[in-house]
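Architecture at a glance
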Amino acid sequence: MQMTTKNNNIGYILLNIVIFISIIITPFFRIDGGVSDDTFNYVKIAYHLPDLISSVFPVGYPLFIKLGYLFSNDYYISTRIIACVGYLFIVLFSFVKKFYFKETSLLMGLKIFTLFMFSYSETLFLPFFYLLIYLLFRFFKSDYKKKSLIFTISSLLVILCTIRYSSIFIIGGFILMLGLQLIKKQKNFRLIKSLITIILLAGVGISVFLSFNYYFTGGFVGENHRNSSNYSNIGTSGFIIKNIFFSFLNAMNPILNAIRINFLTFIISVLISLTSFIVVTFLLFKLIKEKQLDLFRMMLLYVSFSIFIGLIYSSFTTGIDGLHIRLSLPVYFCIYFVLLISYSGKRFLFPIVLLSLTVNMLVVYFESFNYLEKRENVKEYVLKSKKGKYYFNDIGQIPTESGGTKTSNFFTVFSLNPEVKVLTIEQYESMERDSILLESDLVNIMPINRTEMINNKTFTK
């Protein structure tokens, strides 16, 4: 582990403070408040707990939302608490345990920190995943003989699966490591036994969890509630380029997502992504060629590779999972963590982190939007109109410039009345319009004061 003095950490401590403050403040400047359509589905599950109404989304994140709601009496605030506590846990745990604090701070200062500005399940997933990385570090430092550590790692694998189903692919990394140990001439039978134990315990635990889902919802991973894929081009070259290659290339960009303000900014962001991918690939192959990878680093790369293959498989079989920043999170987190702890050059990376922080903050602040004001105005309108029982989106795809996704409007309606019924087109046409809350009314409640840069997007596809 990295041993550093307090004075050497001052710059990194200040960096984490700035990032943490931005995580608290920034969502309120976003047009969507950092909430996505997935957030609504998670909150809906949380509202109905302890009754489990669907297993399309794992129950782990909704459970924490429910716990946060008991203290805040607000589902949105609950998701923000989880995000803030999640980030704090990672950096404080790293600092207290002296576990690569500088490297962790740099990694969290890259584009990864932007995930904590949203109400995503990743804000809960990443702290547990980071804890798993720490325990694997201890495991391969000869602590694999400890039964308590073996049990804890197995339990963490189960917990991660309850937060994100794709976490089941992590076990593939353990299987790859086991295979490596079995083909070695000088076998470490104690390590082999420990790996087999972890795989079996985690496998049993995950099977119990998925069976629990099936018993209460009729589906192991919500397959009974999923619609058929909207993609008609699965397996085509266009699908592979857009949903796999380009999405993962964009995820590997350490600074920003593809900026689509205009064609020039889009090309620049793509070039940064491509450059990052080439540099990362070169550095990884250099480590492998020079045999500078110990079992811990190899394990992280095996986990990364296993999840990557699993996500590709998921993309082809479901058509709904592109390898974007959220889904690829554990993949590039492991890769960048291995590189950061293997190479020097922290001073060179610090300016890149500051650039990432600055660019991402400017992109948000240029929106000039007050989400909390929008939220309160929507609440006021709904209460006065007394139409919170039924909702219908009568404008189709909601333009971002007019109020975001169902986030900034319907999510607010839902927070007022979780029993609100979303009408189908057939139900809408057969009911009295005066009793229905329409999206066309909600998007125009508050005039949007957006800058010329954001309003003049010309490359949006």
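The text that follows walks through the structure, step by step, so that each part is easy to find. All figures in this text were calculated on a predicted structure; none of them were measured in a lab. (Residues numbered from 1 in each chain as written. Predicted model: local features only at pLDDT ≥ 70, side-chain atom pairs only at ≥ 80, totals over all residues. Heavy atoms only, no water.)

The next subject is the nonpolar core. One finds Phe129, Phe139, Phe174, Phe296 and Phe337 to be the most contacted residues of the largest nonpolar core, which totals 127 residues. When residues in this core are grouped by element, the largest group, 13 residues, is from helix α6 (residues 122–139). What Phe174 contacts, discounting residues up to four positions off in sequence, is Leu136, Ile153, Leu157, Leu195, Ile198, Ile199 and Met299. (Core = buried A, V, L, I, M, F, W, Y, C linked by side-chain atoms within 4.5 Å. Buried < 20%, exposed > 50% of the residue type's maximum accessible area, 1.4 Å probe, protein only. Helix = DSSP H or I, 4+ residues; strand = E, 2+ residues; numbered from the N terminus. Contact = heavy atoms within 4.5 Å.)

An order of β2-β1-β3 is seen for the 3 strands of this open sheet, with the pairing classed as parallel. Lying at the two open borders of the sheet, with one neighbouring strand each, are β2 (421–422) and β3 (436–438). Pairing of strand β1 (residues 390–392) with β2 involves 2 bridges; the strand directions are parallel. If you follow Tyr391 over to β2, its bridge partner there is Val422. (Pairing = 2+ DSSP bridges.)

In this section: unusual backbone geometry. Look at the link from Leu49 to Pro50: it is a cis peptide, with omega at 10°. Here Pro50 lies in the loop between α2 (37–48) and α3 (60–72). Phi is positive for Asn73, close to 60°, though the residue is something other than glycine. Locating Asn73 in the fold gives a position in the loop between α3 and α4 (75–96). We note that Tyr100 has phi near 50°; this positive angle belongs to a residue other than glycine. You can see Tyr100 is positioned in the loop between α4 and α5 (101–109).

With that settled, the discussion passes to the pattern of salt bridges. Applying the stated criterion across every chain, the model contains 7 salt bridges. The salt bridge partner of Arg164 is Glu122, with a shortest N-O separation of 3.5 Å. Taken together, the positions of Arg164 in the loop between α7 (147–163) and α8 (170–183) and Glu122 in helix α6 put the pair 42 residues apart, joining distant regions of the chain. Here Glu122 ties to Arg326 by a salt bridge, and the two come within 3.2 Å at their closest N and O atoms. With Glu122 in helix α6 and Arg326 in the loop between α12 (295–318) and α13 (329–342), the pair connects residues that are 204 residues apart, well separated along the chain. For the pair Glu122 and Arg326, a shared accessibility class is recorded, and that class is buried. Here the salt bridges share partners, and the residues they tie into one network are Asp38, Glu122, Arg164 and Arg326. (Salt bridge = Lys/Arg side-chain N within 4 Å of Asp/Glu carboxyl O.)

Take the packing of α7 against helix α9 (residues 189–217) next. Taken N-terminus to C-terminus, the directions of α7 and α9 make an angle of 35°; their axes are 8 Å apart at the nearest point. In the packing of α7 onto α9, the handedness of the crossing is right-handed. Touching Ile150, Ile153, Ser154, Leu157, Val158, Cys161 and Thr162 of α7 are Ser194, Thr197, Ile198, Leu201, Ala202, Gly205, Ile206 and Phe209, all from α9. Here the contact of α7 with α9 is built from residues that sort into 10 nonpolar, 5 polar and no charged. (Axes fitted to C-alpha atoms, helices over the stretch in contact; angles between N-to-C directions. Left-handed = near helix turned anticlockwise from the far one by under 90°. Nonpolar A, V, L, I, M, F, W, Y, C, P; charged D, E, K, R; others polar.)

For the rest of this paragraph, the subject is the packing of α6 against α13. Interaxial distance between α6 and α13 falls to 11 Å at its minimum, and their mutual angle equals 40°. Classified by the interaxial angle, the pair formed by α6 and α13 is oblique. As α6 packs across α13, the resulting crossing turns out to be right-handed. Contact residues: α6 offers Glu122, Phe125, Leu126, Phe129, Tyr130 and Ile133, while α13 offers Leu329, Pro330, Phe333, Cys334 and Phe337. Among the residues making up the contact of α6 with α13, the classes are represented as 10 nonpolar, no polar and 1 charged. (Parallel < 35°, antiparallel > 145°, perpendicular 65-115°, else oblique.)

A word on the packing of aromatic side chains. Applying the stated rule across the entire model yields 33 aromatic pairs. Between Tyr87 and Phe116, the ring centres sit 5.7 Å apart and the planes meet at 80°, which makes this aromatic pair edge-to-face. Placement of the pair is Tyr87 in helix α4 and Phe116 in the loop between α5 and α6, with a sequence separation of 29 residues. Neither residue differs from the other here; Tyr87 and Phe116 are each classed as buried. Considering the side-chain rings of Tyr100 and Phe337, the 5.9 Å spacing of their centres and the 90° angle between planes classify their relative orientation as edge-to-face. Of this pair, Tyr100 sits in the loop between α4 and α5 while Phe337 sits in helix α13, and the two are 237 residues apart along the sequence. Accessibility classification places Tyr100 together with Phe337 in one group, the buried group. Joined through ring pairs, the aromatic side chains of Phe89, Phe93, Phe99, Tyr100, Phe125, Phe129, Tyr130, Tyr134, Phe137, Phe296, Phe333 and Phe337 make up one cluster. Arg164 extends its terminal NZ or CZ atom over the ring of Phe125, reaching a point 4.8 Å from the ring centre. (Phe/Tyr/Trp six-rings, centres within 6.5 Å; stacked < 30°, edge-to-face > 60°. Lys NZ or Arg CZ within 6 Å of the ring centre and 35° of its normal.)

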